[in-house]
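# Notes for the structure review
So you can see what is in the structure, the chains are spelled out below.
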Amino acid sequence: MTKAIVGIIGGSGVYELEGLEDAREDVVASPWGEPSGPLRLGRFGSTEAVFLPRHGRGHRLMPSGINYRANIDAMKRVGVTDIISLSACGSFRRELYPGLFVLVDQFIDRTYRRANSFFGNGCVAHVSMAHPIAPLVQRRIAAAADAEKFAYRLGGTYVCIEGPQFSSLAESLAYQGGGVDVIGMTAATEAKVAREAEISYATIAMVTDFDCWHEQHDAVDVASVIKVLLDNAHRAEALVARLLREWPADHEPCPVGSDRALDNALMTTPAARDPELMKKLDAITARVLG
């Protein structure tokens, strides 16, 4: 069995993690560039935890400017087995109101300006994203939300746009008509590279607004989002604390294979692999290549 180490990636409004015991900072070097900041390592009870604010402290990184690969690679290098992603989002459903947590299970990726894979020319790999969320991790989040009596919706589709602009009304209505539940700018990219790194991943999408489709609400703006973010952040911290204090000591094998995603995924023959790229992939491919 592999020891469980849980990574928490804080989204907009979540730049610190209250309750992290024996906390210390570690600047982890990654061959993929600079992560969003130092990792903050500690524990909740007996569960080891690693925290990283996605946008950096002070929210200095825009969604397209986040180095998703470096963030996930850094977590992989310190032994993270599971990731809880906290992500602010807009809602396309009247019943998914600001303040609600949505435990999404699907993504639609509409980004186009960011690196979203560790692999490329010199080492080609294709991992499955049919089921991007690790179901056991998601169930543990739901159980913790029940224990804390926090309202949530289990399941949903998250469309990830490039940003940084919010949607036009036409876009908002199109996504809504296409069956999308929530909208954000980060989680799909993060989920893809976490899957390639064989880290079980789940997102808590924290609703802050109704985007711009709702006839009884103003179009989304930063001021209205920040007001909801502050309340969401406090509840997210309480949820994470409850979740991690009850986390099992050993990593639970993922039923959809997120922790074995590279089995049969590498296409490039050993003789044709680029040595420089393989050096960068040392942490990502350690299980399958040794």
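Look up: the structure comes first, before these words.
Residues numbered from 1 in each chain as written. Predicted model: local features only at pLDDT ≥ 70, side-chain atom pairs only at ≥ 80, totals over all residues. Heavy atoms only, no water.

## As for the pattern of salt bridges
Proximity of charged atoms lets side chains of opposite charge pair with each other. Tallying each qualifying case throughout the model produces 21 salt bridges. Among the ionic pairs, Asp 73 bridges to Arg 77, the shortest N-O distance being 2.7 Å. Of the two residues, Asp 73 and Arg 77 are both situated in helix H1 (residues 68–77); the distance of four residues between them amounts to about one turn of the helix. Residue Asp 73 is classed as buried on the basis of its relative accessible area, which comes to 0%. Ionic pairing is found between Asp 181 and Arg 93, a salt bridge with its closest N-O pair at 3.4 Å. Of this pair, Asp 181 sits in the loop between helix H3 (169–177) and strand E10 (182–184) while Arg 93 is found in the loop between strand E5 (82–91) and strand E6 (101–103), placing the two residues 88 residues apart along the sequence. On the basis of relative accessibility, which here comes to 8%, the residue Asp 181 falls in the buried class. Members of the salt-bridge network, linked through shared partners, are Glu 16, Glu 25, Arg 40 and Arg 57. (Salt bridge = Lys/Arg side-chain N within 4 Å of Asp/Glu carboxyl O. Helix = DSSP H or I, 4+ residues; strand = E, 2+ residues; numbered from the N terminus. Buried < 20%, exposed > 50% of the residue type's maximum accessible area, 1.4 Å probe, protein only.)

## A word on helix H5 (residues 222–245)
The first and last C-alpha atoms of H5 sit 33 Å apart over 24 residues, in line with the 34 Å expected at 1.5 Å per residue. Along H5, the sharpest kink reaches roughly 25°, centred on Leu 229. (Expected span 1.5 Å × (residues − 1). Bend = angle between axes of the 7 residues up to and from the residue.)

## Side note on the environment of Val 193
Within the secondary structure, Val 193 sits in helix H4 (residues 187–196). Judged by its relative accessible area of 0%, Val 193 falls in the buried class. Measuring from C-alpha to C-alpha, the distance between Val 193 and Gly 177 comes to 29 Å, with 16 residues separating the pair along the chain. If we skip the residues at most four places from it in the chain, Val 193 touches Tyr 68, Arg 69, Ile 72, Asn 116, Ser 117 and Phe 118. (Contact = heavy atoms within 4.5 Å.)

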